[in-house]
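Spelled out, the chains give:
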Amino acid sequence: MLDQFAGGGTTLVEAKLLNRDIIGVDVNDAALTRCREKIAFEHDGADGKVYIRKGDARNLDFLPDSSIDLICTHPPYADIIKYSEDIEADLSRLKVKDFLEAMKPVSSECYRVLKKGRFCAILMGDTRKNGCMVPISFEVMRIFQDAGFTLKELIIKEQHNCRATGYWKTNSVKYNFLLIAHEYLFVFRK
Ligand SMILES: C[S@@+](CC[C@H](N)C(=O)[O-])C[C@H]1O[C@@H](n2cnc3c(N)ncnc32)[C@H](O)[C@@H]1O
């Protein structure tokens, strides 16, 4: 398994619990330290091996072609949440247009390292700018399709940590429709 935007290490922990071996990559040393702390636990039956390394999701040249069974990852949503101030390769420092350009090599590296017929799950959210919706997730979906992936599933995940969730949730229930208080989990197949 691979998570090339490992962040706080949630996917690494879950992989270990599920007995899956996983490679976690992040560009930020603070994230890597957090990952190492999080995976340092013992639990009955949790025998997945976790390999952590510093790197850039746009260039995974340490991995051979068609070597990964499953990709499960969660990139930044452009600069909506900035994960660092001065790490040049950190995609969370990029405005939407540049972020989408940067996601092209990310998608082609995903396609290259994944085995044929296997799945690549990407969690992405949207934003608003000047009162208008900016559907970053659908742009990213198209980029992954252009890289060669087919879209197997589109799963909607409720967003719990967003400031507007309470407001949108109340009104969604009241009026019986959904506005952005959710993210998309795109499940692509190579
Ligand atoms: C949304 S967070 C991941 C959160 C993670 N799923 C968790 O549960 O904690 C995105 C991560 O991508 C990392 N990142 C940004 N640009 C990167 C790049 N070019 N290559 C690898 N990691 C990058 C950031 O440092 C941040 O830790």
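Because the structure is a prediction, the values reported are computed rather than measured.

*Asks:* I would appreciate a short explanation of the nonpolar core in the present structure.
*Replies:* Nonpolar side chains in soluble globular proteins tend to end up buried together. Membership of the largest hydrophobic core comes to 33 residues, with the highest contact counts inside it found for Leu2, Phe99, Cys120 and Phe144. Element by element, the count of residues in this core is highest for helix H3 (residues 96-113), at seven residues. Beyond its immediate chain neighbours, meaning those up to four positions away, phenylalanine 99 contacts Pro76, Ala78, Leu91, Leu94, Met124, Ile136 and Val140.

*Asks:* Can you walk me through the site of the ligand in this structure?
*Replies:* The immediate surroundings of the ligand are formed by 21 residues, with Gly8, Thr10, Asp26, Ala57 and Ala89 found nearest. At a separation of 3.0 Å, a nitrogen atom of the ligand approaches a polar side-chain atom of aspartate 56. Here alanine 57 contributes a backbone N or O atom positioned 2.9 Å from a nitrogen atom of the ligand.

*Asks:* Which parts of the structure should I look at to understand the packing of helix H1 (residues 10-17) against helix H2 (residues 29-39)?
*Replies:* Helix-helix packing: each pair is described by the crossing angle between the helix axes and the interaxial distance. Put simply, H1 and H2 touch, their axes get as near as 9 Å, and they point 25 degrees apart. When the axes of H1 and H2 are compared, the pair comes out roughly parallel. Here H1 and H2 pass one another in a crossing that is right-handed. In this structure, H1 contributes Thr10, Leu12, Val13 and Lys16 to the contact, and H2 contributes Cys35, Lys38 and Ile39. By residue class, the composition of the contact of H1 with H2 is four nonpolar, one polar and two charged.

Cut-offs and rules
- All residue numbers refer to positions counted from 1 along the written sequence of the respective chain.
- This being a predicted model, a pLDDT of at least 70 is required before a residue's local features are given, and a value of 80 or more before pairs of side-chain atoms are given or counted; all residues contribute to the totals for chains, interfaces and linings.
- Only heavy atoms go into the side-chain values, all of them from the structure, while hydrogens and water stay out.
- Among buried residues, the Ala, Val, Leu, Ile, Met, Phe, Trp, Tyr and Cys ones that are joined through side-chain atoms within 4.5 Å form a nonpolar core.
- Three labels apply to residues, based on accessible area from a 1.4 Å probe with only protein chains included: buried if under 20% of the type maximum, exposed if over 50%, partly exposed otherwise in between.
- Numbering goes from the N terminus for both helices and strands, where a helix is a DSSP run of H or I of at least four residues and a strand is a run of E of at least two.
- The contact rule is simple, with two residues in contact once any of their heavy atoms fall within 4.5 Å.
- Residues are classed as near a molecule or strand on a simple rule: at least one heavy atom within 4 Å of it.
- N or O atoms closer than or at 3.5 Å make up a polar contact, with two conditions inside protein: a donor-capable atom paired with an acceptor-capable one, and, for residues adjacent in sequence, both atoms drawn from side chains.
- To obtain an axis, a line is fitted to C-alpha atoms, over the contacting stretch when the element is a helix, and the angle between two such axes runs from 0 to 180 degrees between their N-to-C directions.
- Each angle is binned into one of four classes, with values under 35 degrees roughly parallel, values over 145 roughly antiparallel, values of 65 to 115 roughly perpendicular, and all other values oblique.
- The handedness criterion is simple: a crossing whose near helix is rotated anticlockwise from the far helix by less than a right angle is left-handed, and one whose near helix is rotated clockwise is right-handed.
- Ten residues, namely Ala, Val, Leu, Ile, Met, Phe, Trp, Tyr, Cys and Pro, are considered nonpolar, four, namely Asp, Glu, Lys and Arg, are considered charged, and the remaining ones, Gly among them, are considered polar.

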